[in-house]
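Single-letter residue listing:
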Amino acid sequence: MRDRDLREGGSRPSGFSRRSFLKGASVAAVGTGLATEALADAAPTDGLIREDGVTTVPKGALEITLRVNGEDVAVTVEPRTTLLDALRDRAGLTGTKKVCDRGACGACTLLLDGKPANSCLTLAWDAVGREITTIEGLADGENLHPVQQAFVECDALQCGFCTPGMVMSSVACLQKHATPTPEQIRHELSGNICRCGTYGRVFEAVANAAKNGGGR
Amino acid sequence: MNAFELSLPDTLADAARKAGPNSAFKAAGIDLIDRLKERIDDPETVVDLLRLRDELGGIQATANGAVRLGALTTLQELADATALDAPGFGALREACGEAATPQVRARATLGGNLLQKNRCWYYRSNAFSCAHDGSGDRCLAWHGENKFHALFGTVDCVRVHPSNAAPALVALGAEVEIRGADADSSRRIPIRALYPQSPAARAPEHVLADEEILVAVHLPASAAAGRSAYRESREKLSFDWATTAAAAHLVVEGGKIARASVCLGAVAPNPWPLDDVAERITGQTPSRELFADAARRAFRRAQPLRHNAYKVEVGQAILVDALAAAAGLED
Ligand SMILES: Cc1cc2nc3c(=O)[nH]c(=O)nc-3n(C[C@H](O)[C@H](O)[C@H](O)COP(=O)(O)OP(=O)(O)OC[C@H]3O[C@@H](n4cnc5c(N)ncnc54)[C@H](O)[C@@H]3O)c2cc1C
Ligand code: FES
Ligand code: FES
């Protein structure tokens, strides 16, 4: 049953065709997740195993399409590949940082369907059919997002390694509370750790961004 | 993390059929992926439940006032749920709203929260042996670093149950709906019975068989009455696992406690119900003194380890706070 070629290492570049995948992704966007019927069309020729109401993604690498910052990005991933590794190592989007790799620091924060997520504890496959927004997707050309602008103006970073995650959580905060109280800012940023201890400036930046329409 | 195959079932029935001794279910995967990365678990197949929203999602209030919480409901959805607006449900909303971080709450599911594995550092690190996972024959935490470990109910392993939601749901008298390999194997059990009666080192942390799926949590209509509250202590205020936690549900009528239900978290291998405290305060006039006395008695049976005696003091204060809030005595 199982496609041996794909088991280890997954040398076949595009086991799971972009076309059939997009079909799945577009269904998912309207519905409740990746529609498995759509996957069924892709198996077995596309490397998925289809039997008795279960579609199985074998151990090797397959190409999937992720919707990142409004664009389709093809990445070759194994079932175990995290969204963080898929973005950094496969898609070349290294703005999202890896620090603890265990959900505890927030460096890898991005938005999944508009909500904050630790991409280090999210499988790439679980992001299929969902809108992924990373730090690279915030600016509008040369124009920084109001939150980014506020971070610059408030000098809200030292080494900068936590900053992409901080910015993404700040954006999520302002989407939830257009004019947040100091307590709300702290609460919504509580999943992000800054080892340089720049919290004061970060909180200030979020408050300033709120005044400048950061919750757009 | 070792390689695994990922199974995407069409329905709950397919998911249950696909599961077996070498598989693991995955909801959001926050706990599971952590364990896979540490190589504490090494399933051949991960069976995905996250896409089964139709069968496992949603919050539904029924006409008689009971509420069904689908297993895939996220902690943030529970914290914000209008169906849980009644003050009687407060403990659950607070427990979920305080758990973990915004990023975790936005994805973590109720089912995964109730079935997550303990956080003992010896268990979580594969650099150490552990009696619980069978890699060793002794609980290293018992005589080792045990600052975050149990005060109550241990057999030969001092792990604590880490879930925020569990003690709140115990206090609210919730039931859990479970589905096995075939539809007629479905059963509903009180949430207390989800956890092993004797939480020995080798006992699994919950009673579900490999192919059993937690489908939903049911809150009885009686839970909406009165008021409930959840309070926890932790080392770090921004976010952290609870060092002690307490959930209390009280119905006060004519100035007296007519009904009480209390449960501690983070102090025992299972959520730790305090039925004797509930009994003692029922019929009494709520006051901080009454609650302090009840808390003192409850913690008399604590068996602190070398590094966790602080939990006895802190736990009493947290319990009094939860009871006072549930009685409306706060502020
Ligand atoms: C930084 C951090 C801080 C945290 N702090 C807290 C905290 O303060 N309080 C707290 O309570 N939690 C805390 N957590 C834990 C977090 O809440 C849990 O990991 C999460 O709830 C698990 O849900 P999940 O959907 O990701 O489950 P998964 O990881 O997908 O699953 C967890 C386990 O349950 C099984 N499972 C899941 N759903 C089902 C089902 N429906 N039927 C059968 N089996 C199932 C899986 O097989 C797995 O063994 C924290 C986590 C992190 C990373
Ligand atoms: S790298 Fe994901 S939370 Fe730390
Ligand atoms: S600026 Fe250095 S970690 Fe935050």
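Since the model is a prediction, treat every value here as computed from it, not as a measurement.

> What exactly am I supposed to notice about the overall build of chain B here?
Broken down by element type, chain B carries 13 helices and twelve strands. Relative to the 2.2 N^0.38 estimate, which gives 20 Å for 331 residues, the radius of gyration of chain B is 19 Å and therefore close to what a compact globule would have. Its C-alpha atoms give chain B principal-axis dimensions of about 60 × 50 × 35 Å. Looking at chain B as a whole, 59% of its 331 residues qualify as buried. In the structure as shown, chain B presents an accessible area of about 12,800 Å², 49% of it carried by carbon and sulfur atoms. For chain B, the distance from the average site of its 37 positive side-chain charges to the average site of its 42 negative ones is 4 Å.

> When you look at helix H12 (residues 288-300) of chain B in this model, what are you seeing that I'm missing?
For the α-helix, the turn length of 3.6 residues means that residues three or four positions removed from each other point alike. Residue and element names in this part refer to chain B. Helix length check: H12 (13 residues) gives 18 Å between terminal C-alpha atoms against 18 Å at 1.5 Å per residue, within 8%. Every buried residue of H12 is listed here: Leu 290, Phe 291, Ala 294, Ala 295, Ala 298 and Phe 299. In an axial view of H12, the angular spread of the buried residues amounts to 155°, which keeps them on one side of the axis. What points out from H12, more than 90 degrees from its buried face, is the exposed set Glu 289 and Arg 300. Its buried side turned inward, H12 meets strand E10 (244-253), strand E11 (256-265), helix H11 (275-281) and helix H13 (310-326).

> What's the story with the interface of chain B and chain A in this structure? I'm lost.
It is common to report an interface's size as the accessible area lost on association of the parts. If you look at the interface, chain B gives 40 residues, while chain A gives 45 residues. In total, chain B and chain A occlude about 3,600 Å² of area from one another, counting both sides; carbon and sulfur atoms represent 51% of this. Looking at the side of chain B facing chain A, the largest losses of area belong to Lys37(B), Arg51(B) and Gln103(B), adding up to 20% of the total buried there. Summed over the shared surface of chain B and chain A, the number is seven salt bridges. With a shortest N-O distance of 3.0 Å, Glu44(B) and Lys59(A) are connected by a salt bridge. For the side of chain B that touches chain A, the secondary-structure elements that each account for two or more residues are strand E1 (5-9), helix H1 (12-18), helix H2 (30-37), helix H3 (53-56) and helix H6 (102-107) of chain B. Among the elements that make up the side of chain B that touches chain A, the one with the highest residue count is H6(B) (six residues).

> I tried to follow the sheet that holds strand E7 (residues 187-190) of chain B on my own but got confused; where do I start?
In any sheet, the strands associate via hydrogen bonds between backbone groups, in a parallel or an antiparallel arrangement. Residue and element names in this part refer to chain B. Read across the sheet, five strands follow the order E4-E5-E8-E6-E7 without closing on themselves; strand pairing throughout is antiparallel. Either end of the sheet is taken by a strand with one partner, and the two such strands are strand E4 (59-61) and E7. Each strand axis lies, on average, 25° off the axis of its neighbour in the sheet, ignoring direction. One ladder, built from three bridges, connects E4 with strand E5 (residues 67-70); its direction is antiparallel. Note on E5: the bridge partner recorded for Gln 60 is Arg 68.

> Could you clarify how one ought to interpret the domain arrangement of chain A in this entry?
Residues and elements named next belong to chain A. Here chain A is described as being made up of domain 1 (3-42), domain 2 (56-137) and domain 3 (146-210). If you average the C-alpha positions of domain 2 and of domain 3, the two centres end up 22 Å apart. Listed per partner, the contact involves 16 residues of domain 2 and 13 residues of domain 3. Summing both sides of the interface, domain 2 and domain 3 together bury roughly 1,100 Å²; the carbon and sulfur share of this comes to 67%. The interface formed by domain 2 and domain 3 includes three residue pairs in polar contact (both at pLDDT 80 or more). When residues in the side of domain 2 that touches domain 3 are grouped by element, the largest group, three residues, is from strand E5 (residues 109-112). Here the side of domain 2 that touches domain 3 is built from residues that sort into eight nonpolar, six polar and two charged.

> Sorry, what's going on with unusual backbone geometry here?
Keep in mind that most residues, glycine aside, have a negative phi and that most peptide bonds are trans. Phi angles above zero are rare outside glycine, and Asp113(A) is one such case at about 50°. Relative to the elements of secondary structure, Asp113(A) occurs in the loop between E5 and strand E6 (115-118). Assessed through its relative accessible area of 42%, Asp113(A) is described here as partly exposed. Backbone geometry at Arg39(B) places phi at a positive 60°, although glycine is not the residue there. When you line up the elements, Arg39(B) lands in the loop between H2 and strand E3 (45-48). In this structure Arg39(B) comes out as partly exposed when scored by relative accessible area, which is 48%.

> Sorry, what's going on with the pattern of salt bridges here?
Side-chain pairs of opposite charge can arise whenever the charged atoms involved come near each other. Evaluated as defined, the whole model comprises 35 salt bridges over all chains. Arg102(A) is the partner of Asp101(A) in a salt bridge, and the nearest nitrogen-oxygen pair spans 3.9 Å. On the basis of relative accessibility, which here comes to 16%, the residue Asp101(A) falls in the buried class. Take Arg102(A): its relative accessible area is 26%, and that puts it in the partly exposed class. Note that Arg119(B) and Asp34(B) form a salt bridge whose closest N and O atoms lie 4.0 Å from each other. Remark: Asp34(B) occurs in helix H2 and Arg119(B) occurs in the loop between helix H7 (110-115) and helix H8 (121-124); sequence separation between them is 85 residues. The exposure class assigned to Asp34(B) is buried, which follows from its relative accessible area of 7%. Each of Asp85(A), Lys98(A), Asp101(A), Arg102(A), Lys37(B) and Glu38(B) takes part in one network of salt bridges that share partners.

> Could you clarify how one ought to interpret the environment of Asp48(B) in this entry?
Its place among the elements puts Asp48(B) in strand E3. Of the residues examined, Asp48(B) reaches a relative accessible area of 1% and is grouped as buried. Residues Asp48(B) and Asn2(B), 46 residues apart in the sequence, show an inter-C-alpha distance of 17 Å. With sequence-adjacent residues up to four places away left out, Asp48(B) is seen in contact with Asp126(A), Leu6(B), Ser7(B), Leu8(B), Pro9(B), Lys26(B) and Ala27(B). Within the structure, Asp48(B) has its side chain in polar contact with the side chain of Arg51(B) (distance 2.6 Å).

> When you look at helix H3 (residues 83-90) of chain A in this model, what are you seeing that I'm missing?
Those residues of H3(A) that fall on the buried side of the exposure criterion are Leu83(A), Leu84(A), Asp85(A), Ala86(A) and Leu87(A). Where H3(A) is buried, its residues contact strand E3 (62-68), strand E4 (71-77), E5 and strand E7 (131-133) of chain A.

> Would you mind showing me how to read the sheet that holds E3(B) here?
Judged by pairing direction, the sheet is mixed, and its five strands sit side by side in the order E1(A)-E2(A)-E1(B)-E3(B)-E2(B) without closing on themselves. What marks the edges here is a single partner per strand, and that holds for strand E1 (49-51) of chain A together with strand E2 (23-26) of chain B. With direction set aside, neighbouring strand axes in the sheet form an average angle of 25°. Pairing geometry for E2(B) and E3(B), over four bridges, is parallel. Following the sheet pairing, Lys26(B) is matched in E3(B) by Asp48(B).

Cut-off values and rules
Residues numbered from 1 in each chain as written. Chains lettered and ligands numbered in written order. Predicted model: local features only at pLDDT ≥ 70, side-chain atom pairs only at ≥ 80, totals over all residues. Heavy atoms only, no water. Helix = DSSP H or I, 4+ residues; strand = E, 2+ residues; numbered from the N terminus. Rg over C-alpha atoms; globule rule 2.2 N^0.38 Å. Buried < 20%, exposed > 50% of the residue type's maximum accessible area, 1.4 Å probe, protein only. Areas by Shrake-Rupley, 256 points an atom, 1.4 Å probe, with all protein chains shown as cover. Lys, Arg positive; Asp, Glu negative; His and termini not counted. Charge placed at Lys NZ, Arg CZ, Asp CG, Glu CD. Expected span 1.5 Å × (residues − 1). Arc of directions from axis to C-beta. Contact = heavy atoms within 4.5 Å. Buried area = accessible area lost by both parts, 1.4 Å probe. Salt bridge = Lys/Arg side-chain N within 4 Å of Asp/Glu carboxyl O. Pairing = 2+ DSSP bridges. Axes fitted to C-alpha atoms, helices over the stretch in contact; angles between N-to-C directions. Domains from an automatic or database assignment. Polar contact = N/O pair within 3.5 Å; in protein donor to acceptor, adjacent residues only side chain to side chain. Nonpolar A, V, L, I, M, F, W, Y, C, P; charged D, E, K, R; others polar.

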